[in-house]
Amino acid sequence: MAGLSLRHIYKKYPGGVVAVSDFNLEIKDKEFLVLVGPSGCGKSTTLRMIAGLEEITEGELFIGDRLVNDVAPKDRKIAMVFQNYALYPHMSVFENMAFGLKLSKVPKEEIKKRVEAAARSLDIAHLLDRKPKALSGGQKQRVALGRAIVRDPQVFLLDEPLSNLDAKLRAAMRTELTKLHNRVQTTFIYVTHDQVEAMTMATRIVVMKDGLIQQVDAPQKLYDQPVNLFVAGFIGTPQMNFMNGTLEKKADGVYFIYEGNALKLPQAKAEDPALQEYIGKEVIAGLRPECIFDDEEDLEKYKDSTLETFVDVTELMGAEIYLYLTVGEEGRLTARVPSDSKTKAGDTVKVAFNMEKMHFFDKETERAIIH
């Protein structure tokens with residue numbers, strides 16, 4: 001088993017295109033690390049550099065204690081699972097899973113033992129004689145995983161392996177992958193643009209944008225304490241509400257002025273030295289949809305931070321309802337409320353903010369001021 005060390009890694013293409021810039025990361029042994037970010041942010045390129053499928057332009061990559069910049073992919077003791085499964089159509093499931101071992105001159109009996117054990121653990125033992133064209137998407141994905149498992153790699157690399165599956169199967173395979181990680185006790189590095197996958201499976205998440213690491217943290221910390229506006233908006237469904245406004249000091253405390261509404265800050269936030277510097281200035285406030293309320297009890301509880309909104313659309317999601325709201329001229333908010341809410345599209349309703357959960361960001365740098 002092995003940890004990885006990526007030290008000042010760059011990927012530059014001809015013409016001055018920089019796909020990955022100064023990537024520094026220590027990946028612990030047996031960790032489930034997820035690289036997440038929008039398309040084109042450099043996450044798959046980073047994974048391919050770890051695999052040896054892309055050359056590292058600058059920097060050093062260590063797997064365990066071994067510098068592997070110039071080591072061929074087949075000698076890196078890693079296994080990669082691709083988005084399109086990459087199965088050989090003319091080979092049976094058994095032959096697909098055994099292929100890498102045959103190339104490595106593993107004895108036939110050992111190959112049979114390893115393939116059958118992996119097939120049992122992935123519940124595909126009954127499919128070993130079938131060809132890929134006779135398999136469903138989920139079964140193909142398991143075969144691709146099985147092919148990686150039999151090689152007993154130090155590191156698993158997974159490049160958007162669930163993106164071709166339907167929503168129900170994707171949710172089931174997320175659970176299977178987490179169970180697989182617990183069982184094989186190996187380092188997993190997983191690339192996705194789906195932040196739900198990242199939040200549910202990762203021990204740590206790396207959020208990337210434009211080839212740069214924005215933040216590396218445990219899922220809950222990323223959700224509760226995003227370092228900047230990009231991370232705050234990228235992690236969470238529906239995404240965080242952002243509000244442009246001004247901080248004002250009044251006789252009885254500090255208020256956030258938003259679309260003509262004065263929303264009082266809790267004392268601890270108001271007295272925070274980091275926020276004090278922004279009094280009288282424009283800031284961006286961020287609030288998660290679950291921190292906006294429309295029921296009487298919460299309107300009373302948070303009476304210092306209520307405002308009137310117009311309900312544009314409501315979406316029933318089963319256990320909850322999303323309210324899409326307009327505030328004043330420009331303001332747009334999304335609230336996530338329980339399914340027994342009586343609020344309807346076309347209503348004008350009062351909502352309350354939980355200001356304890358309000359994030360503030362610098363308008364120029366977009367860095368977080370306080371959470």
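This text follows the structure it describes.
In this text the structure is predicted, and so the values were computed from the model without any measurement.

### Focus: the sheet that holds strand β12 (residues 253-258)
With antiparallel pairing, the 6 strands of this open sheet are ordered in space as β13-β12-β11-β14-β20-β21. Each having just a single partner strand, β13 (261-264) and β21 (368-370) make up the two edges of the open sheet. Averaged over all neighbouring strand pairs, the angle between strand axes comes to 45°, with direction disregarded.

### As for the pattern of salt bridges
Scanning the entire structure with this criterion turns up 13 salt bridges. Its salt-bridge partner being K113, residue E110 comes within 3.8 Å of it at the nearest N-O pair. With a gap of 3 residues between them, E110 and K113 both fall in helix α3 (residues 108-121), about one helical turn apart. The partner of K179 in a salt bridge is E176, and the shortest N-O contact between them spans 3.5 Å. On the criterion of helical spacing, the pair formed by K179 and E176 is a turn pair, its members being 3 residues apart in helix α5 (residues 167-184). When salt bridges that share partners are traced, they join K11, R48 and E54 into one network.

### Quick look at the nonpolar core
Of all hydrophobic cores here, the largest spans 47 residues; its most connected members are M97, L145, L158, L177, Y190 and V207. Those residues in contact with V207, other than ones at most four positions away along the chain, are V36, L212, I213, Q214, Q215, L222, F230, V231 and I235.

### A short note on the side chain of S305
Mapped onto the elements, S305 comes out in the loop between α11 (296-301) and β16 (306-316). On the basis of relative accessibility, which here comes to 3%, the residue S305 falls in the buried class. The residues contacting S305, other than those within four sequence positions of it, are L263, V351, A352, F353 and M355.

What counts and what doesn't
Residues numbered from 1 in each chain as written. Predicted model: local features only at pLDDT ≥ 70, side-chain atom pairs only at ≥ 80, totals over all residues. Heavy atoms only, no water. Pairing = 2+ DSSP bridges. Helix = DSSP H or I, 4+ residues; strand = E, 2+ residues; numbered from the N terminus. Axes fitted to C-alpha atoms, helices over the stretch in contact; angles between N-to-C directions. Salt bridge = Lys/Arg side-chain N within 4 Å of Asp/Glu carboxyl O. Core = buried A, V, L, I, M, F, W, Y, C linked by side-chain atoms within 4.5 Å. Buried < 20%, exposed > 50% of the residue type's maximum accessible area, 1.4 Å probe, protein only. Contact = heavy atoms within 4.5 Å.

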